Amino acid sequence: MNDDNAEEGVIRLLRAAAHIAGPGGRLPSVRTIMSELRVSPVTVQHAMRRLTAEGVIEVRASKGAFAAATQPCPQVPDLEWQSVALGAKPPGDEALPDLLAMPGPEAVPLSSGYLDPELQPVAALGAALGRASRRPEAWARGPVEGREELRAWFARQAGGSFRAGDMVVCPGGQAALSTAFRALTAPGDPVLVEAPTYLGAIATARSAGLSVVAVPMDADGVRPELLDAAFARTGAKVFYSQPLYANPHGAVLSRERRPEVLAVLAKHQAFLIEDDFARDLVIDGTPPPPLAADDVHGHVIYLRSLTKTAAPGMRVAAIGARGAAGARLRTARVLDDFFVAGPLQLAALEFLSSPAWQRHLKALRPALKARRDALLAALAAEIPRLRPVTVPTGGMHVWVRLPDDVDDLVLTKAAAAHGVVVSPGRPWYAADPPAGHLRLTFAGAPPEVLTDGVRRLAAAVASVGPTPYG
C-alpha cells in the first residue's frame, strides 16, 4: 500500500470509529491501528493531524484520541446560482441518458444497444490491443485524419467510390454523427430524419440547434415520395438515414427504393448521412451493399462504426465524403480532438486483419438468430397482444406495436418495477408518434434470460390498466 492510500485508509477507519463512539468517545490507539492496517506510526499521526484540523477528533496528551465533543457540521452547498448563470437548458433529448444508463444487476436488460458480453470478442480484442501497445508508432502522433490503413479499410466498406483520403477516423459513431451535423449545417437549419429513427441522432441534431423534421417510413424503408415532399417544403440539405437494419425497427431500404432515394437527393442537391452501424449484424440472407456504393455524384456521406459489432469499448468509427463535403468533415473532426488514440486505432487494425475478425462474424450470425427467435417465441407465448411490426433480418432489436389502450411510458415504468428494462417508443420519433411501441433488444442477453425478461414484461402488461395513448 503506498503512503497516500495508507493514510486514506487510516482516515476512513477513524471517521467510522468516531461515528460509532459518539461525541467524546475513545478511539482505537495508534498501536491498534498500526496492527490492523499494517501501517507506520508516522502514517497514523499524519491522518490524526488531518482529522484534528477538521474537528473530527481530539488528541489528548498521554490519554489517546477521542471523537470530538462537537462534530463538525458539513456545509450544504448552494448550487442554485448555477441555474441562473447557465440560463435556459440547451435543446437535446432526455431519453438518451436513460437509454445509456446501466441496469441494476437484478434487472433483465431488454434495452441494451450493445452485444451480450458473451458475444463480444474480448480475448481477441485484448490480444490485439496488447500487440498494438508494444509498437512505438502507437504512441507517436499519427495523421489527424487517422491511420492510412484503417481509413482504407473503412473506405472499402463503403464501396468502390471511396478512397482512404475520403475518410476520417472518429472515436465512435456518435462523435462522427455530431461532426457531420456540425460540418454540413448551421444552427437553425432543418435536417430530415426517418420516423422512427435512432434517438441519438435526434438528440445530437437538436443539440446542434437544428430543426428536426420527421419523414415517415415503412417496412421497406423511407418513403421516397414523402422524402421528396419534405425536401421541397423545408429546404433541408441533409437527411439522416439507416438503410440497413434500422434502429429501432430493423427495416431495410428495399431494392426498388434505393434509386428513387438517390434521385430525390440529386433533385434537391442534398446529402444523405448513411449510418451503416449494423452492417455485420446479419441474421438472414445477404445484406445489400451500402447506399454509398451506388452513389456516383457525392450525395451520400458514409458512417461506419466497430462498436456495435465488437464491444462498447471499441470506440473506433469513420465518416467519409467526397469533394468539399469531405474537406469540411475532416476540418470539423480535427477541431474536436485532433485525432483518435493511436493504440486504439492500431488495435482495431490488428483485430480486423487477424483471423479472429472473420471467426467472430461467423459465430455472430447463429448467435443473434438464436436470441432473436427466442425473444419472438417468448412474445408469442406470453404476450400475444404485443405484435412485432416485422421480423428483423439483422441488427439487434424488435419493434413491438402496443395495443391502443397501453401507454408506452406507463408500461416502461411498470416493467422496471417488475425487473425488466425496456425502451419506450416515443423518444424514437422526432414528431408525434402514430401509436405506442416498445423497442426490445435481443442481442444483449442469452436466450434463457430473454425468455425470463418477456415473462416479467407480461406481468407488467397485466398490471397496467387501460390508458388512452396520448
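Residues numbered from 1 in each chain as written. Predicted model: local features only at pLDDT ≥ 70, side-chain atom pairs only at ≥ 80, totals over all residues. Heavy atoms only, no water.

Chemist: How should the overall build of the chain be read in this particular structure?
Modeler: For the chain, the helix and strand inventory stands at 16 helices and 16 strands. Along the three orthogonal principal directions, the C-alpha set of the chain runs to about 90 × 60 × 50 Å. Evaluated residue by residue, the chain yields a buried proportion of 52% over its 470 residues. Looking at the chain alone, contacts between residues at least 24 apart form 73% of all its contacts between residues at least 6 apart. About 21600 Å² of surface is accessible on the chain, with carbon and sulfur atoms providing 57% of the total. (Helix = DSSP H or I, 4+ residues; strand = E, 2+ residues; numbered from the N terminus. Buried < 20%, exposed > 50% of the residue type's maximum accessible area, 1.4 Å probe, protein only. Contact = heavy atoms within 4.5 Å. Areas by Shrake-Rupley, 256 points an atom, 1.4 Å probe, with all protein chains shown as cover.)

Chemist: What should I look at first to understand the sheet that holds strand S5 (residues 190-195) in this one?
Modeler: Strands pair in a sheet through their backbones, by hydrogen bonds, and they do so in one of two ways: parallel or antiparallel. A sheet is described by the order of its strands in space; here eight strands give the open sequence S4-S11-S10-S9-S8-S5-S6-S7, paired in mixed fashion. Looking along the sheet, the strands with just one partner apiece sit at the ends: strand S4 (167-170) and strand S7 (221-222). Examined bridge by bridge, S5 and strand S6 (residues 211-218) share six bridges and lie parallel to one another. Bridging from a neighbouring strand, Leu192 pairs with Val213 of S6. (Pairing = 2+ DSSP bridges.)

Chemist: Help me understand the nonpolar core in this model?
Modeler: Buried together is how nonpolar side chains tend to be arranged in soluble globular proteins. The biggest cluster of nonpolar side chains holds 48 residues, and the ones touching the most others in it are Leu150, Phe154, Leu192, Leu227, Phe231, Leu306 and Val316. The element best represented in this core is helix H13 (residues 342-352), accounting for six residues. Residues in contact with Leu306, not counting those within four places in the same chain, are Trp153, Phe154, Ala311, Met314, Val316, Ala348 and Leu352. Among the nonpolar cores identified, the runner-up in size contains 42 residues, and Leu119, Leu368, Ala378 and Ala458 belong to it. (Core = buried A, V, L, I, M, F, W, Y, C linked by side-chain atoms within 4.5 Å.)

Chemist: Can you help me understand the packing of helix H8 (residues 173-184) against helix H12 (residues 324-337) in this one?
Modeler: When two helices pack together, their arrangement is given by the angle between the helix axes and the distance between those axes. Where H8 meets H12, the closest approach of the two axes is 9 Å, and the angle between their N-to-C directions is 120°. Viewed along their axes, H8 and H12 adopt a mutual orientation that is oblique. Of the two elements, H8 crosses H12, and the hand of that crossing is right-handed. For the pair formed by H8 and H12, the contact residues are Ala175, Ala176, Thr179, Ala180, Arg182, Ala183 and Leu184 on the first element and Ala325, Arg328, Leu329, Ala332, Arg333 and Asp336 on the second. The residue makeup of the contact of H8 with H12, split by class, is eight nonpolar, one polar and four charged. (Axes fitted to C-alpha atoms, helices over the stretch in contact; angles between N-to-C directions. Parallel < 35°, antiparallel > 145°, perpendicular 65-115°, else oblique. Left-handed = near helix turned anticlockwise from the far one by under 90°. Nonpolar A, V, L, I, M, F, W, Y, C, P; charged D, E, K, R; others polar.)

Chemist: Looking at this structure, how should I read the pairing of strand S13 (residues 397-401)?
Modeler: In summary, the side chains of a regular strand alternate between the two faces of the sheet. Among the five residues that make up S13, four are buried, leaving the element largely enclosed by the rest of the structure. Note that strand S12 (residues 387-388) and S13 share two bridges and pair antiparallel. Across the sheet, Pro388 pairs through a bridge with Val400, a residue of S13. As defined by bridge partners, S13 adjoins strand S16 (residues 437-441) across five bridges and the pair is classed as antiparallel. Bridging from a neighbouring strand, His397 pairs with Thr441 of S16.

Function cannot be read off these values alone, since they describe shape.
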